[in-house]
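Geometric and topological summary
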Amino acid sequence: MRNRRAALGDAWVDKSVAKANAFNAGFQHFITDYAWHGVWGRPGLDWKTRRIIVLAVTSALGRWDEFEIHLRGALTPGNAHTLTPEEVREALIQIAIYAGVPAANTGFARAVGIMKELGMEPPPHPADQSWHPGVGRSYFTQTRPKLHATVREPRSGEAAHTIVFSHALGQDGSMWDAVANELAATCRVICPDTRGHGRSQTPAEPFTLTELAADAARLIDELADGEPVVWVGLSMGGLIGQELATRFPDKVKALVLANTTAGYDDMGRAAIGQRIATVEAHGLGAIATSTMHRFFSEGFRQQRAATVSRHQRLLECTDPEGYTACAAALCEADLWDKLGQIQVPTLVIAGTHDESMPIEVAQALTRGIARAELATLQGCAHLSAVEQPEAFTELLGEFVASV
């Protein structure tokens, strides 16, 4: 009976029990014993999962009275392990696939009715202004060169922060999907395609890191209303973040610099120059395999071959002129003497198997920035956010919570 009351609420259970009589009291005892103790009393599944299973089964079978009883219990504040309206919505969308759209349609209608009854009626929202939360709204800047970005609004309501994720050379904003979706629980998340990548414009003329930082500043002006953001940059994105923080300090409240540098030495510049020449002569396919060897550790390449192939396709589909122009801009960058200008909290992330940006580079970055701290991800190479998204997200979440 304790479980029954915790799930459905005292008022509903008292109403049901009050109907007991000499004919049905045994049945009341039966369902309390076998359902609420025999099943709901088992510790093998958490109660939220059990609630969602019940909603799925009762809607699939069209048992709408039972569906409403459990949905009301799941949404009523004060009951144990309640579901949020967002969790109910996601369950109903899942139900639409496996039990059919008519079942989900009825479920949505009854859910709205119960929310009205409980004083949590959802506000109006245009159907053509709804986007998949795992991808976000697609946005193009009003200013040129046109930049494309996806925007995930916080699933919890009001944003704790706005986070901009800036990708590596030869990738696009989708590189961040696994991490971005987790942070979008409480933050507004923007994932731009750097100029020359993804769906962003590739200008005909050469450009510099300063211009890439100016791109970032106007993106923040348009998508974050000019409010300072947490800039998370990996490799190329980290260099852009450093330039942004030195030239437009009012745009950044915190920095995350992953698998990046403040400038390349002669050997690094020579390697980039060789890649530029190869791409100009033979296309991006000519460097695809070697790039994946830099991007991912050997173990990851063997165990997650399909993921590696996806990122290789991203590289091969990048505009070659956009790739070489960005590579040339990075090659010329040297921010080592400017690191002292960065005054915001900074998290530097390194991978122990990152041959492109060894740990010594991350340590030098950390020493050069006054409020920087260093974190190391064991066993991963250059695309650390892809190779170890859970560990990367944990580090990032802790850092953002401290800002």
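Here the structure is shown first, and the text comes after it.
For the structure given in this document, a descriptive report is provided here.

Let's talk about empty space enclosed by the protein
The final tally for this structure, using the stated rule, is two cavities of 30 Å³ or more. For the lining of the largest cavity, the element with the highest residue contribution is helix α9 (residues 209–223), accounting for four residues. Of the residues belonging to the lining of the largest cavity, the class tally is seven nonpolar, two polar and three charged. Taken as a whole, the second largest cavity holds about 30 Å³ of empty space. Lining the second largest cavity we find Leu-257, Ala-258, Asn-259, Thr-260, Val-348, Ile-349, Met-357, Pro-358, Val-361, Ala-362 and Leu-365. No other element matches helix α16 (residues 359–368), which puts three residues into the lining of the second largest cavity. Looking at the lining of the second largest cavity residue by residue, the classes come out as nine nonpolar, two polar and no charged.

Brief notes about the side chain of Thr-324
By the element assignment, Thr-324 lies in helix α15 (residues 320–332). Using a relative accessible area of 11% as the deciding quantity, one classes Thr-324 as buried. Here the side chain of Thr-324 touches Glu-321 through a polar contact of 3.2 Å, landing on its backbone oxygen. Not counting the four nearest positions on each side in its chain, Thr-324 is found in contact with Ile-276, Val-279 and Glu-280.

Focus: the packing of aromatic side chains
Scanning the model with the defined rule gives nine aromatic pairs in all. Relative to Phe-30, the ring of Phe-27 has its centre 6.4 Å away and its plane inclined at 20 degrees; by these criteria the two rings are stacked. Of this pair, Phe-27 and Phe-30 both sit in helix α3 (residues 25–37), three residues apart, which is roughly one turn of that helix. Of the aromatic side chains, those joined through ring pairs into one cluster are Phe-27, Phe-30 and Tyr-34. The cationic tip of Arg-137 hangs over the ring face of Trp-131; the distance from NZ or CZ to the ring centre is 5.6 Å. Over the aromatic face of Phe-207 sits the side chain of Arg-195, whose NZ or CZ is 4.7 Å from the ring centroid.

Details of the sheet that holds strand β6 (residues 252–258)
Adjacent strands of a sheet form backbone hydrogen bonds with each other and so pair up, either parallel or antiparallel. Spatial ordering of the open sheet is given by β1-β2-β4-β3-β5-β6-β7-β8, a layout of eight strands whose pairing is mixed. Across the chains shown, the open sheet's two edge strands, defined by having one partner strand only, are β1 (137–140) and β8 (372–377). Across the sheet, the axes of successive neighbouring strands diverge by a mean angle of 20 degrees, strand direction being ignored. Across four bridges, the pairing between β6 and strand β7 (residues 346–351) is parallel. Looking across to β7, one finds that Ala-258 is bridged to Ile-349. Running at roughly 160 degrees to β8, α16 makes contact with β7 and β8 of the sheet.

Digging into the pattern of salt bridges
With the rule as written, the count across this model stands at 14 salt bridges. Because the salt bridges share partners, they merge into one network encompassing Glu-68, Arg-72, Arg-110 and Glu-117.

What to know about the side chain of Asp-215
As for its placement among the helices and strands, Asp-215 is situated in helix α9. According to the relative accessible area criterion, Asp-215 is buried, its value standing at 5%. Here the side chain of Asp-215 touches Arg-195 through a polar contact of 2.6 Å, side chain to side chain.

What to know about the environment of Trp-231
Its place among the elements puts Trp-231 in strand β5 (residues 229–234). Each C-alpha atom, one on Trp-231 and one on Thr-346, is 9.5 Å from the other, the two residues being 115 residues apart in sequence. When sequence neighbours within four positions are dropped, the list of residues in contact with Trp-231 reads Val-164, Ser-166, Ala-216, Gly-237, Ile-240, Gly-241, Leu-244, Ala-254, Leu-255 and Val-256.

Conventions adopted
Residues numbered from 1 in each chain as written. Predicted model: local features only at pLDDT ≥ 70, side-chain atom pairs only at ≥ 80, totals over all residues. Heavy atoms only, no water. 1 Å grid on protein atoms, 1.4 Å probe; cavity = no way out; pocket = protein on both sides within 12 Å on 5 of 7 lines; lining within 4 Å. Points joined across faces, edges and corners; volume = space filled by probe spheres on them. Helix = DSSP H or I, 4+ residues; strand = E, 2+ residues; numbered from the N terminus. Nonpolar A, V, L, I, M, F, W, Y, C, P; charged D, E, K, R; others polar. Buried < 20%, exposed > 50% of the residue type's maximum accessible area, 1.4 Å probe, protein only. Polar contact = N/O pair within 3.5 Å; in protein donor to acceptor, adjacent residues only side chain to side chain. Contact = heavy atoms within 4.5 Å. Phe/Tyr/Trp six-rings, centres within 6.5 Å; stacked < 30°, edge-to-face > 60°. Lys NZ or Arg CZ within 6 Å of the ring centre and 35° of its normal. Pairing = 2+ DSSP bridges. Axes fitted to C-alpha atoms, helices over the stretch in contact; angles between N-to-C directions. Salt bridge = Lys/Arg side-chain N within 4 Å of Asp/Glu carboxyl O.

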